[in-house]
Amino acid sequence: MGRHKRGVGRAERRVPRGDVRGRGAAARPMAGGNRPLLALSMIVRDEEANLRRLLPAIRDGFDEIVVADTGSTDGTVDFLRSIGATVVEIPWLDDFGAARTASLRLARARWVLWLDADDELAREDVDRLRALLESSPEKVAYFLELQNAGSAASPSSSCQQLRVFPNRPGIAFEGRIHEQVALSLARQGVRFLRAPIAVRHRGYIDPAQVRKKFERNLRLLRRERAERPNDPALVYHVAQTLVGLDLYGEAIVVLRALERFPAKDAVVREMIVRGRL
């Protein structure tokens, strides 16, 4: 979808329709019985140009590429199939978590790395990740360094984001926006570690596009907050997005709602998301 978010509070539901499967990605020796080692999982829409930049150099580092397309009208789907990706075409339901989970459900590999179309990942880092996963325990997930490329209006930044995790039954991304897989993993007793690998994200370079993303995010956050009014993380993300839109007064009003939540609830959730519990 060419979108991502700053900070950790954003690093996963629905049966997909129109399952269209392509050839598998580059063949590699199986690991862990009959299961391949590593899948690349993505969600996209009209991202042909970005995908042609991202995938050719790293494609052979993955045993499979699984993608949920939410309505592309350019050559995105044809390109993905041409390089052997497995593609499911689904309707866009205003739910990033549902879309990411639809992609995840296609994966057979023991481990999953998720990327956005406007990410960059060095080919040698894919090899380093494979070597790490070959000897990793089954119930461990990894934070990678996310480097957000900036602009004059939006400075560069970096954070740790959960990008690599074991492909276990019942694992799903949660949330319409700022979707998380960490909470699902934590419920299964998966531990969180850091890997010395960086993903560079290019989604904050164009100020006009950044504003459009904030406007979209605010719409989805308000919809989700109406569905889950007792989630303090949503209050925080609404306020953070209002700041991004220069609506500081509204952000302060929203933040005051945090006073009614038990501090422990918010802290525990955030520590799980950040991999500290």
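Each chain has its residues counted from 1, running along the sequence as written. Whole-chain, interface and lining totals are the exception, using all residues; otherwise, since this is a predicted model, local features are given only for residues with pLDDT of at least 70 and side-chain atom pairs are given and counted only at 80 or more. To obtain the side-chain values, all non-hydrogen atoms of the structure were used and water was disregarded.

Asks: I would appreciate a short explanation of the nonpolar core in the present structure.
Replies: Nonpolar side chains in soluble globular proteins tend to be buried together. Put simply, buried Ala, Val, Leu, Ile, Met, Phe, Trp, Tyr and Cys residues joined by side-chain atoms within 4.5 Å make one nonpolar core. Per-residue accessibility, obtained with a 1.4 Å probe over protein chains only, is compared with the maximum for each type, and a residue is labelled buried under 20%, exposed over 50%, and partly exposed between these values. Grouped together as the largest cluster of nonpolar side chains are 43 residues, with contacts concentrated most on Ala141, Leu162, Phe165, Val181, Leu185 and Phe192. Residues Leu40, Leu51, Val77 and Leu133 belong to the second largest nonpolar core, which totals 35 residues.

Asks: Just to check I follow, could you spell out the packing of aromatic side chains for this structure?
Replies: The relative placement of two aromatic rings is captured by the distance of their centres and the angle of their planes. Put simply, two rings from Phe, Tyr or Trp (the six-membered ring, in Trp's case) pair if the centres are within 6.5 Å, and we call them stacked under 30 degrees between planes, edge-to-face over 60, tilted for the rest. One pass over the structure, following the stated rule, counts 5 aromatic pairs. Note on Trp111 and Tyr142: the rings are 6.4 Å apart at their centroids and 45° apart in plane angle, and the pair reads as tilted. Of this pair, Trp111 sits in strand β5 (residues 111-114) while Tyr142 is found in strand β7 (residues 140-148), placing the two residues 31 residues apart along the sequence. Residue Trp111 shares its accessibility class with Tyr142, and that shared class is buried. Put simply, DSSP marks the helices as runs of H or I at least four residues long and the strands as runs of E at least two long, and each gets a number from the N terminus on.

Asks: Could you clarify how one ought to interpret the pattern of salt bridges in this entry?
Replies: Close approach of charged atoms allows side chains of opposite charge to pair. For this document, the term salt bridge refers to a Lys or Arg side-chain nitrogen within 4 Å of an Asp or Glu carboxyl oxygen. One pass over the structure, following the stated rule, counts 22 salt bridges. Note that Arg200 and Glu120 form a salt bridge whose closest N and O atoms lie 3.4 Å from each other. Of this pair, Arg200 sits in strand β9 (residues 191-201) while Glu120 sits in strand β6 (residues 119-120), and the two are 80 residues apart along the sequence. On the accessibility criterion, Glu120 (26% relative accessible area) is partly exposed. A salt bridge links Arg123 to Asp127; its shortest N-O distance comes to 2.5 Å.

Asks: What's the story with the pairing of strand β2 (residues 38-44) in this structure? I'm lost.
Replies: The side chains of a regular strand alternate between both faces of the sheet. Burial analysis of β2 places 7 of its 7 residues in the buried class, which makes it a mostly covered element. Burial along β2 is two-sided: the face carrying Leu38, Leu40, Met42 and Val44 and the face carrying Ala39, Ser41 and Ile43 are both buried. Judged from the 4 bridges that link them, β2 and β5 form a sheet pairing that is parallel. What sits directly across from Leu38, in β5, is Trp111. Examined bridge by bridge, β2 and strand β3 (residues 64-69) share 6 bridges and lie parallel to one another. Across the sheet, the residue bridging to Ala39 is Glu64, located in β3. A clockwise course of the path from the first strand over the helix to the second, judged with the strands pointing away from the viewer, identifies a crossover as right-handed. Following the backbone out of β2, through helix α1 (residues 48-58) and into the adjacent parallel β3, one traces a crossover that is right-handed. By the convention used here, strands pair only if DSSP detects at least 2 bridges between them.

Asks: Help me out: how do you make sense of the confidence of the model for the chain in this one?
Replies: Interpretation of the predicted coordinates at a detailed level should be avoided for regions scoring low in pLDDT. On average, the chain scores 84 in pLDDT, and the residues at 70 or more come to 81%. The low-confidence segment residues 2-32, where pLDDT is below 50, has 135 contacts with residues more than four positions distant or belonging to other chains. A residue's pLDDT is simply how confident the predictor is in it, with values from 0 to 100. Any two residues having at least one pair of non-hydrogen atoms within 4.5 Å are treated as being in contact.

Asks: Is there a simple way to explain the packing of helix α6 (residues 207-227) against helix α7 (residues 232-244) in this structure?
Replies: When two helices pack together, their arrangement is given by the angle between the helix axes and by the axis-to-axis distance. Their axes nearest at 9 Å, the elements α6 and α7 cross at an angle of 155°. The angle between α6 and α7 places the two elements in the roughly antiparallel class. In this structure, α6 meets α7 at a crossing whose hand is left-handed. Between α6 and α7, the residues in contact are Phe214, Asn217, Leu218, Leu221, Arg222, Glu224 and Arg225 and Leu234, Val235, His237, Val238, Thr241, Leu242 and Gly244, respectively. Amino acids outside the nonpolar list (Ala, Val, Leu, Ile, Met, Phe, Trp, Tyr, Cys, Pro) and the charged list (Asp, Glu, Lys, Arg) are all regarded as polar, and Gly is one of them. Classifying every residue of the contact of α6 with α7 by side-chain character gives 7 nonpolar, 4 polar and 3 charged. Convention adopted: a line fitted to C-alpha atoms gives each axis, helices being fitted over their contacting stretch, and angles between N-to-C directions are expressed from 0 to 180 degrees. Here the angle decides the label: under 35 degrees means roughly parallel, over 145 means roughly antiparallel, 65 to 115 means roughly perpendicular, and every other value means oblique. Here a crossing is taken to be left-handed if its near helix is turned anticlockwise relative to the far helix by less than a right angle, and right-handed if that turn runs clockwise.

Asks: Explanation requested: the packing of α7 against helix α8 (residues 248-255) in the structure shown.
Replies: Running from N to C, α7 and α8 point in directions that differ by 170°, and their axes come no closer than 8 Å. On the basis of the axis angle, α7 is roughly antiparallel to α8. On α8, the residues touching Val235, Val238, Ala239, Leu242 and Val243 of α7 are Tyr248, Glu250, Ala251, Val254 and Leu255. For the contact of α7 with α8, a count of residues per class yields 9 nonpolar, no polar and 1 charged.

Asks: What is the right way to read the environment of Lys213 from this model?
Replies: Examined against the element boundaries, Lys213 turns out to sit in helix α6. Along the primary structure Lys213 and Gly203 are separated by 10 residues, whereas in three dimensions their C-alpha atoms are 9.3 Å apart.

Asks: Before we go on, may I ask you to explain unusual backbone geometry in this structure?
Replies: Negative phi characterises most residues that are not glycine, and trans characterises most peptide bonds. You will see that Asp46, though not glycine, has its phi angle at about 50°, which is positive. With respect to the secondary-structure elements, Asp46 resides in the loop between β2 and α1. Judged by its relative accessible area of 36%, Asp46 is partly exposed. Located in the positive-phi region is Asp246, a residue other than glycine, with phi close to 65°.

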